Amino acid sequence: MTRNSRPLAIFDLDGTLADSGHRQRFLERKPRDWDAFFAAAPDDPPLAKGIEMCLQAAEECEVMYLTGRPERCRRDTLAWLAEQGLPEGRVFMRRNVDRGPARTTKLEILRRLGRDREIRMLVDDDELVCNDAERAGFRVVRAGWAADRSEAMKDAQEREGRT
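Remember, it's a predicted structure, so these values are computed and weren't measured experimentally.

Caption draft 1: Highlighting the environment of A136. By secondary structure assignment, the location of A136 is in the loop between helix 5 (127-135) and strand 5 (140-142). Owing to a relative accessible area of 31%, A136 belongs among the partly exposed residues under this scheme. Among residues more than four places away in sequence, those in contact with A136 are L107 and R111.

Here is the structure:
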């Protein structure tokens, strides 16, 4: 079986594999401190349930990562994934100037990937992303194992298109 014929398992990062709860305080300020929020990402503790699911999925699937983090966070993100012992895989990140809702950005990428590959599952904690992906016919695993996202985080994901 060639690499390209393996089904895809696509994992979100924040709230799915990485516990970003300690960073949410930077979004509760006015104005929101996005630089500090993303600068603290390398210190995210791993979420055991998400890590375990990702490692299991890698046995049958090619793992890819789909995050609302901006491209400028790529180096820190790749280092964090490696530190957790997660499978190497393509990482889709938001363009630095992209301010669209996470659900829109992520669904566009899922549709593009799904044109010629089976997407076995999307694992994400954002309810709006999950709802839209399910409506589009994708199998979704809702990552409910992280602490609740703050209202500031939810607002940032939907209205500010920052994560």
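Caption draft 2: Examining the packing of helix 4 (residues 102-114) against helix 5 more closely. Where helix 4 contacts helix 5, the axes come no closer than 9 Å and their chain directions differ by 40°. If you check the angle between helix 4 and helix 5, you find them oblique. In the crossing of helix 4 with helix 5, the sense of the turn from one axis to the other is right-handed. Here A102, R103, K106, L107 and L110 of helix 4 come into contact with helix 5, specifically with L128, V129, D132 and A133. Tallied by class, residues from the contact of helix 4 with helix 5 come to 6 nonpolar, no polar and 3 charged.

Caption draft 3: Just the nonpolar core, in detail. F11, L17, Y65, L81 and L86 are the most contacted members of the largest nonpolar core, which has 29 residues in total. Counting only elements with at least two residues in this core, the list comes to strand 1 (8-11), helix 1 (34-39), helix 2 (48-57), strand 2 (62-70), helix 3 (74-83), strand 3 (91-94) and strand 4 (119-124). L17 has contacts with F11, D12, P45, P46, L47, G50, I51, C54, Y65, W80, L81 and L86, leaving out every residue within four places of it along the chain. Core analysis: the second largest hydrophobic core is formed by 17 residues, I10, L107, I109 and L113 among them.

Reading the values: the criteria
- Residues numbered from 1 in each chain as written.
- Predicted model: local features only at pLDDT ≥ 70, side-chain atom pairs only at ≥ 80, totals over all residues.
- Heavy atoms only, no water.
- Helix = DSSP H or I, 4+ residues; strand = E, 2+ residues; numbered from the N terminus.
- Buried < 20%, exposed > 50% of the residue type's maximum accessible area, 1.4 Å probe, protein only.
- Contact = heavy atoms within 4.5 Å.
- Axes fitted to C-alpha atoms, helices over the stretch in contact; angles between N-to-C directions.
- Parallel < 35°, antiparallel > 145°, perpendicular 65-115°, else oblique.
- Left-handed = near helix turned anticlockwise from the far one by under 90°.
- Nonpolar A, V, L, I, M, F, W, Y, C, P; charged D, E, K, R; others polar.
- Core = buried A, V, L, I, M, F, W, Y, C linked by side-chain atoms within 4.5 Å.

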